[in-house]
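Residue-level listing of the chains:
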Amino acid sequence: MVAEEVAPSPDQRRGSHVIVIHPGSRFLRIGRASDVTPASIPNVIARKHKPPAPVPTYVEGISRPRKGQAPQLSVSANSDGDEYAVDITSDDPFDTKMGSIIVSLRERMRFYKLRVTCNAARVASTFNEQFKPEIIPEVNDPFLVDWIQEPLEDTEVLVGERALRLSDPQLLNYSVKWPIYGKNFNTRDYPSHQMILDDIETIISTVLSEKLNVKRPDYKDYSVVLVIPDFHDRAYVREFVNVLLVSLGFKQICVQQESLAATYGAGISSACVVDIGAVNSSIACVDEGLVIADSRITLNMGGDDITEFLYVLLERISFPYRDINLARWYDWAVMEDLKARLCTLAEGDVALNLYDFVVRKPGKPTEKYGLRAYDEIILAPMCIFEPRVIEFDRKHIGLRSIPHPDVTEEIIEHPVDHVTQAMIISTQHLLPPPSTAPTDVRHSPVPISQSQEETGGKQEQQEVSLSSTAQATPPPAVESTGSGSGGVPADAPMEVIDVEGDVKPSPIPVPPQPQPSQSSAPVSSNYNGLGIDVCFEASKLPLDVAIFNSARASGGDDKIRKHLQAVLVIGGSALIPGMAHALESRLQAIATPLVPSMDKVQIIPPPKEVDPRVLAWKGAAVLGKMDSVADIWVTPADWDVLGMRGLRERCFYL
């Protein structure tokens, strides 16, 4: 009888000794491969700090209006009665950037025949200025937060939710840090990279103990599947594997790229995977179970920029919660909640509506506020398509690279680690003029200027990507032609003539055969000799342009069509209502004139009842349960002898 009960257990527990770890900027997703969903824990740690503890700071990633200047609310109908017209009277650069986003929205609204409420901002601002919050008694607040308000004598370290429940970390002498930023370690907030690794080790071991009941002595019996970014820093992978195999002592490890894991999770073999994370958005094309290395591109924007931009927009209409400070976690959580409930990319949802939100502060009663807003709810998420308002240079400050301990590894490192074909395509418009070009013949921009003539449509697309970026020296001429062509071209496809007229000049429908001639220069020469940081400049692209350039870098017209008809959007911002249509219509407008016989662009929804935020984790869990994964495990002995070479041999995409 006992034997009968025990027999099915191996199948029931398949994957129960495999831990799947997907680290992110905001959340660490971790669980057994046999679990249905992972534990999602804020990837944050608070350590006791000798007084004085550091003051929490916030790095602004979004442009701000000039201090003391009343917001320009003149987005009303002009003298000839055109309700869609945008009249920017201010000389503030912020208003100019805002104007371009509003023009884009108005053109879409014109196309869909949606009415514009001309004085909405003034009405909303008047309401918000006069609003007084309602106090909610503790007994009536079901989500009351149990704040940590007294110093904890016996607790040196707090992880995840507990770290965020500190009422005032500075007063309680705690230093709160997020060890991961985008696709790398958060070197801005840490003086040494060893401290980052110690914190990552502490977070993982604490979560395994508290959430999964896996204690440190048992790690030697568990295998680990680690999910890494598509376009990863080799040092990041090396140090992370070192923490898991050497410091924590797991049995063996398998490393998997996010986009490949996402396709496993969605049950498809080929797709263009778009992962919109908190700090970065990454795009990569997967073809028959392999990530196309040259199609990878990372954008330096994500959900946090949407949150911050929403805050800036609401401040302009007299946000009723006056005391908000984004450096305090509980205030950031207020904006995150508003983003999750209010933001949309569906133009039909834009209306002068009344919303409410709740503010919970340590040591103070819960307050309920009312808020009126109009197009702020759609302008905020549109910043990923119109990234002019994002301060890319400021976001870059303070981040450093991790040193290589092994100089031989630097010598044999592949240039593709630094820059991909998709990035080169995206930055060709930034090539220096002949006078400043390097003397090496390979770097001469002459052939590229010829190919500009040949591939009119494509090159104009790249011109557009320039005008749609932030302050990456966009020539005014491009912007003016962009906004001037609001009149939609007659030959544009029916579904997409909406915005693309004003943001992206109508491209000439030339078949993109000359693409190889543009991209034939070796990656290393582009990276080393151009005088621009290709990776950084490519990270400023609008999301739709970046997706198209990623598909272009994946191969010929057939590949472009294949990947644009299977775009898989994952990450937290994939949950924004209207995201699928917003992406489809913009991509269709770019692709139809440039790709011969281009059918409808399609956004693939995640499988039913699967949260797009955990799709990559679920795909890695599928891999962890497969029998074939036995060939790609790397043991501590392999790691000790071979290091990164061992990973490269087992996981040949590294």
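The rules behind these values
- Counting from 1, residues in each chain are numbered in the order their sequence is written.
- A pLDDT threshold of at least 70 governs which residues receive local features in this predicted model, and a stricter bar of 80 or more applies before side-chain atom pairs are shown or counted, although totals over entire chains, interfaces and linings include all residues.
- Hydrogens and water are ignored here; the side-chain numbers use all heavy atoms of the structure.
- For this analysis, a salt bridge means a side-chain nitrogen from Lys or Arg found within 4 Å of a carboxyl oxygen belonging to Asp or Glu.
- Put simply, DSSP H or I for four residues or longer makes a helix, DSSP E for two residues or longer makes a strand, and each gets a number counted from the N terminus.
- With a 1.4 Å probe rolled over the protein chains alone, any residue whose accessible area is under 20% of its type maximum counts as buried; one over 50% counts as exposed, and the rest are partly exposed.
- pLDDT measures how confident the predictor is about each residue, on a scale from 0 to 100.
- Any two residues whose heavy atoms approach within 4.5 Å at even a single point are treated as in contact.
- A pair of strands is labelled paired if DSSP reports no fewer than 2 bridges between them.
- Axis lines are fitted to C-alpha atoms, over the contacting stretch for helices. Their N-to-C directions set the angle, which ranges from 0 to 180 degrees.
- These descriptions rest on fixed angle ranges, namely under 35 degrees for roughly parallel, over 145 for roughly antiparallel, 65 to 115 for roughly perpendicular, and the rest for oblique.
- Should the near helix be turned anticlockwise from the far one by less than a right angle, the crossing is termed left-handed; should it be turned clockwise, right-handed.
- Pairs were defined over the aromatic rings of Phe, Tyr and Trp, the Trp ring being its six-membered one, requiring ring centres within 6.5 Å. Orientation was assigned from the angle between planes: stacked under 30 degrees, edge-to-face over 60, tilted for the rest.
- Side-chain classes are defined by residue name, with Ala, Val, Leu, Ile, Met, Phe, Trp, Tyr, Cys and Pro counting as nonpolar, Asp, Glu, Lys and Arg as charged, and the others, Gly among them, as polar.
- The convention is simple: Lys and Arg are positive, Asp and Glu are negative, and His and the chain ends are not counted.
- Each polar contact in these results corresponds to two N or O atoms within 3.5 Å; when the atoms are within protein, one needs to be able to donate a hydrogen and the other to accept it, and residues that are neighboring in sequence are counted only if both atoms are side-chain atoms.
- Residues grouped as a nonpolar core are buried Ala, Val, Leu, Ile, Met, Phe, Trp, Tyr and Cys residues, joined through side-chain atoms within 4.5 Å.

**Some thoughts on the pattern of salt bridges**
Part 1 of the argument: Summed over the entire model, instances satisfying the criterion amount to 33 salt bridges.
Part 2 of the argument: One salt bridge in this structure joins Glu-584 and Lys-600, with 3.1 Å as the shortest N-O distance. Placement of the pair is Glu-584 in helix α24 (residues 579-594) and Lys-600 in the loop between α24 and β19 (603-604), with a sequence separation of 16 residues.
Part 3 of the argument: Its relative accessible area of 14% is what places Glu-584 among the buried residues.

**Overview of the environment of Thr-126**
Part 1 of the argument: Along the chain, Thr-126 turns up in helix α4 (residues 120-130).
Part 2 of the argument: Separated by 246 residues in the primary sequence, Thr-126 and Arg-372 place their C-alpha atoms 9.2 Å from one another.

**Overview of the confidence of the model for the chain**
Part 1 of the argument: Across the chain, pLDDT averages 81, with 78% of residues at or above 70.
Part 2 of the argument: Under a pLDDT of 50 for its full length, residues 1-8 has, in the predicted model, 0 contacts with residues more than four places off or in other chains.
Part 3 of the argument: A low-confidence stretch, residues 435-526 stays under pLDDT 50, and its non-local contacts, those more than four residues away or across chains, total 167 contacts.

**Structural notes on the sheet that holds strand β6 (residues 157-159)**
Part 1 of the argument: Spatial ordering of the open sheet is given by β6-β4-β7, a layout of 3 strands whose pairing is antiparallel. Each edge of the open sheet is held by one strand with a lone partner, namely β6 and β7 (174-177). Taken pair by pair, the neighbouring strands of this sheet meet at an average axis angle of 15°, ignoring direction.
Part 2 of the argument: Summarising the sheet, strand β4 (residues 45-48) and β6 pair through 3 bridges and their orientation is antiparallel. Paired with Arg-47 across the bridge in β6 is Val-157.
Part 3 of the argument: Taken strand by strand, helix α6 (residues 193-211) contacts β4 and β6, and its axis lies near 110° from that of β4.

**Considerations on the packing of α6 against helix α7 (residues 234-247)**
Helix-helix packing: each pair is described by the crossing angle between the helix axes and the interaxial distance.
Part 1 of the argument: Close contact between α6 and α7 brings their axes to 10 Å; oriented N to C, the two are set at 55°. Accordingly, the angle class assigned to the pair α6 and α7 is oblique. As α6 packs across α7, the resulting crossing turns out to be right-handed. Each of His-193, Leu-197, Ile-200, Glu-201 and Ile-204 in α6 lies in contact with α7, whose residues at this interface are Glu-239, Phe-240, Val-243, Leu-244 and Ser-247.

**Let's talk about the packing of aromatic side chains**
Part 1 of the argument: Scanning all chains against the criterion turns up 12 aromatic pairs.
Part 2 of the argument: Measuring from centroid to centroid gives 5.1 Å for Phe-111 and Tyr-112, while their planes differ by 75°, and the two rings are edge-to-face.
Part 3 of the argument: On the basis of relative accessibility, which here comes to 22%, the residue Phe-111 falls in the partly exposed class.
Part 4 of the argument: Looking at Tyr-112, the relative accessible area reads 27%, which means it is partly exposed.
Part 5 of the argument: Between Tyr-236 and Phe-240, the ring centres sit 5.6 Å apart and the planes meet at 65°, which makes this aromatic pair edge-to-face.

**What about the packing of helix α8 (residues 258-266) against helix α25 (residues 615-625)?**
Part 1 of the argument: The geometry of α8 relative to α25 is characterised by a closest axis approach of 6 Å and an angle of 80° between their N-to-C directions. Taken together, the axes of α8 and α25 are roughly perpendicular relative to one another. Side by side, α8 and α25 meet where Glu-258, Ala-261, Ala-262, Tyr-264, Gly-265 and Ala-266 of the first sit next to Leu-615, Ala-616, Lys-618, Gly-619, Ala-620 and Leu-623 of the second.
Part 2 of the argument: In the contact of α8 with α25, the residues fall into 8 nonpolar, 2 polar and 2 charged.

**Topic: the side chain of Asp-92**
Part 1 of the argument: Tracing the sequence through the fold places Asp-92 in the loop between β4 and α3 (93-111).
Part 2 of the argument: No salt bridge is formed by the buried Asp-92; the nearest opposite charge belongs to Arg-66, separated by 4.2 Å.
Part 3 of the argument: A distance of 2.9 Å separates a polar atom in the side chain of Asp-92 from the backbone nitrogen of Arg-66.

**Some words on the nonpolar core**
Part 1 of the argument: Counting 94 residues, the largest nonpolar core has Phe-309, Leu-338, Leu-543 and Leu-564 as its most contacted members.
Part 2 of the argument: Not counting the four nearest positions on each side in its chain, Leu-564 is found in contact with Ile-547, Phe-548, Ala-551, Leu-587, Ala-591, Met-598, Val-601 and Gln-602.
Part 3 of the argument: Counting 42 residues, the second largest nonpolar core, distinct from the first, contains Ile-45, Tyr-219, Phe-240 and Met-644.

**A short note on the pairing of strand β1 (residues 18-23)**
Part 1 of the argument: Most of β1 is tucked away: 6 of the 6 residues are buried.
Part 2 of the argument: Side chains Val-18, Val-20 and His-22 of β1 all project onto a buried face; the interleaved residues Ile-19, Ile-21 and Pro-23 project onto the opposite face, where all are buried too.
Part 3 of the argument: In this sheet, strand β10 (residues 223-228) lies alongside β1 in parallel orientation, the contact comprising 4 bridges. By the bridge assignment, Val-18 is partnered in β10 with Ser-223.
Part 4 of the argument: Where β1 lies against strand β2 (residues 27-32), 5 bridges are found, and the strand directions are antiparallel.

**What about the sheet that holds β2?**
Part 1 of the argument: The 5 strands are arranged β3-β2-β1-β10-β11 in an open sheet whose pairing can be described as mixed. The open sheet is flanked by β3 (39-42) and β11 (252-257), the only strands paired with a single partner. Shown here is a sheet whose adjacent strand axes are inclined to one another by a mean of 20°, direction ignored.
Part 2 of the argument: Sitting on the sheet, α6 is in contact with β1, β2 and β3, with an inclination near 50° to β2.
Part 3 of the argument: Helix-sheet contacts for α8 involve β1, β10 and β11, and the interaxial angle to β11 is about 85°.

**Comments concerning the pairing of β3**
For a regular strand, the rule is simple: side chains alternate between the two faces of the sheet.
Part 1 of the argument: Of the strand pairs in this sheet, β2 and β3 are connected by 4 bridges, and their pairing is antiparallel. Looking at β3, one finds that Leu-28 is bridged to Ile-41.
Part 2 of the argument: Between β2 and β3, which follow one another and run antiparallel, lie 6 residues.

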